[in-house]
Structures are given as C-alpha cells and as structure tokens.
Amino acid sequence: MATNRTFTMLKPDSVEKGNIGPILEKITASGFRIVAMKLTQMTTADAQAFYAIHKERPFFGELVEYMTRGPIVAAILEKDNAVEDFRTLIGATNPAEAAEGTIRKLYAASIGENAVHGSDSDENAAIEGAFHFSGREMF
Ligand code: IDP
Ligand code: MG
C-alpha cells in the first residue's frame, strides 16, 4: 500500500448511533478519497489480533468486547500525508481532550467508546488495511 493511505474503522458505537453518514461526510469533505470500504463485524479472534499490541493493557478485554459487539465500517483512505492528517481530523483518544471540530469531539462518548480508529503510522496503515481487505477490494 502506498504511504499516502491510512486505515479507519467507524466503531460499533458510531454504527449504533446512526453516525456513519455524518462521519463519512466529514472524512470526504476533509479531502480523503475512499479506496476501500465495507460494513463488517470483527470476531473476538479478529479483535484480539488487530489490537494485539494492547494485549497487556488493563482495558484489553473491554476493548475486544466493544469492538466485536456490532458491525463496523472499515475503510482505506487516500490523501497526501494521510496518516497524520487523519489523526488530526479524529482528535485525541480521549474525547474530553479532543480539539473542537474533531470527529471524536463531535461523536465519541468516552476514551473507550471513541467512535473511530485511525492508523498511527504508514507501516500500520498497510498492515491494518490488509487485515480487512484483499487487493481486489481496493480501488
Ligand atoms: P488510538 O485509537 O487513539 O490510537 P490507542 O492508545 O491505540 O488509541 O488505543 C486503542 C483503543 O483502545 C482506543 O481507541 C480506545 O478505543 C481504547 N482505549 C485506549 N485507552 C483506553 C482506556 O484507558 N480505557 C478504555 N479503552 C481505552
Ligand atoms: Mg492506536
């Protein structure tokens, strides 16, 4: 995957609250092109693998429960400086600390249920995109 791409998930709380449309509107209005996208649901094994880096953290079990409780929207996004610009657009992990106008400030309930995922590096964007999509699903 090229380094001008990032990976996102609109997490189960965003889907439950009917926020898919408003969040996608904000993403595309911010200049991101949708390269791949689908509604899907992670299994427990999927979430444990996706978040393996956090497996020793005290919130790991809670995180896996949350991320598997309903469908998500997974997507690969393209823009110059995609990883960094998307992290800016979503805001801090804790919505209480997220900047005004960011997706987490607008749509997240708490540090645990924080509406969206954004890759933290080009390397992880490629790994995470490949976790959810085959080459035939990327445009
Ligand atoms: P990030 O999503 O902003 O990159 P990470 O530190 O990578 O944040 O954490 C991954 C996810 O784990 C967060 O998005 C959030 O859903 C959850 N999480 C992080 N910290 C906490 C916490 O202190 N309590 C509960 N859940 C947390
Ligand atoms: Mg992270």
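Relevant structure appears above.
By convention here, each chain's residues receive numbers from 1 onward along its written sequence. Following the order in which they are written, the chains are lettered starting with A and the ligands numbered starting with 1. Side-chain atom pairs in this predicted model are given and counted only at pLDDT of 80 or more, local residue features only at pLDDT of at least 70, and totals for whole chains, interfaces and linings cover all residues. The side-chain numbers reported here are obtained from all heavy atoms of the structure, hydrogens and water having been left aside.

Quick word on the nonpolar core
Residue types Ala, Val, Leu, Ile, Met, Phe, Trp, Tyr and Cys, when buried and joined through side-chain atoms within 4.5 Å, form a set referred to as a nonpolar core. Residue burial is assigned from relative accessible area. The probe radius is 1.4 Å, only protein chains are included, and a residue is buried under 20% of its type maximum, exposed over 50%, and partly exposed in between. Core analysis: the biggest nonpolar cluster contains 17 residues, and F7, M9, M42, Y51 and M67 have the highest contact counts within it. Looking at this core, the elements with two or more residues in it are β1 (5-10), β2 (33-40), α3 (44-50), α4 (60-68) and β3 (72-78). The dominant element in this core, judged by the number of residues it contributes, is α4, at five residues. By definition in these notes, contact holds between two residues if any of their heavy atoms fall within 4.5 Å. In contact with M9, other than residues within four places in its own chain, are M42, F50, Y51, M67, I72, V73, A74, A115, V116, H117 and H132. Strands here are runs of E lasting at least two residues and helices are runs of H or I lasting at least four, both read from the DSSP assignment and numbered beginning at the N terminus.

Some details on the site of ligand 1
A cutoff of 4 Å decides nearness: a residue is near a molecule or strand if any of its heavy atoms lies inside that distance of it. The local shell around ligand 1 consists of K11, H54, F59, E62, L63, R87, T93, R104, I111, G112 and N114. Under the rule applied, a polar contact is a pair of N or O atoms within 3.5 Å (in protein, one hydrogen donor and one hydrogen acceptor; residues adjacent in sequence only if both atoms are side-chain atoms). H54 is positioned such that a nitrogen or oxygen atom in its side chain is 3.0 Å from an oxygen atom of ligand 1. In this structure, an oxygen atom belonging to ligand 1 sits 2.5 Å away from a side-chain N or O atom of T93. In this description, accessible areas are obtained by the Shrake-Rupley approach with a 1.4 Å probe, and a residue is regarded as covered only by the protein chains that are shown. Here ligand 1, which alone exposes 530 Å², has 81% of that area covered by the protein. The residue makeup of the shell around ligand 1, split by class, is three nonpolar, four polar and four charged. Note on residue classes: Ala, Val, Leu, Ile, Met, Phe, Trp, Tyr, Cys and Pro are nonpolar, Asp, Glu, Lys and Arg are charged, and everything else, Gly too, is polar.

A closer look at the packing of aromatic side chains
Two rings belonging to Phe, Tyr or Trp (six-membered ring only in the last case) form a pair when the distance between their centres is within 6.5 Å. Interplanar angles under 30 degrees mark stacking, angles over 60 mark edge-to-face geometry, and anything in between is tilted. Here the structure, examined in full by the defined rule, presents four aromatic pairs. Considering the side-chain rings of F7 and F50, the 6.0 Å spacing of their centres and the 50 degrees angle between planes classify their relative orientation as tilted. Residue F7 is found in strand β1, and its partner F50 is found in helix α3; the two are separated by 43 residues along the sequence. Looking at F7, the relative accessible area reads 0%, which means it is buried.

Topic: the side chain of D13
Residue position: D13 is located in helix α1 (residues 12-16). None of His or the chain ends enter the tally, which takes Lys and Arg as positive and Asp and Glu as negative. For salt bridges, the criterion is a side-chain nitrogen of Lys or Arg within 4 Å of an Asp or Glu carboxyl oxygen. There is no salt bridge for the buried D13, and the closest opposite charge comes from K17, which lies 4.3 Å off by N-O distance. A distance of 2.6 Å separates polar atoms of two side chains, one belonging to D13 and the other to Y66. For D13, the residues in contact, after removing those within four places along its chain, are Y66, R69, E113, N114 and A115.

Focus: the sheet that holds β2
As summarised here, the arrangement of the four strands in space is β2-β3-β1-β4, forming an open sheet in which the pairing is antiparallel. In this open sheet, the two edge strands, each paired with only one partner strand, are β2 and β4 (116-118). Shown here is a sheet whose adjacent strand axes are inclined to one another by a mean of 15 degrees, direction ignored. The sheet contact formed by β1 and β4 spans three bridges and is antiparallel. Residue pairing across strands places M9 opposite H117, the latter belonging to β4. Note on pairing: DSSP must find at least two bridges between two strands before they are called paired. Every angle, taken between N-to-C directions, lies between 0 and 180 degrees, and every axis is a line fitted to C-alpha atoms, over only the stretch in contact when it is a helix.

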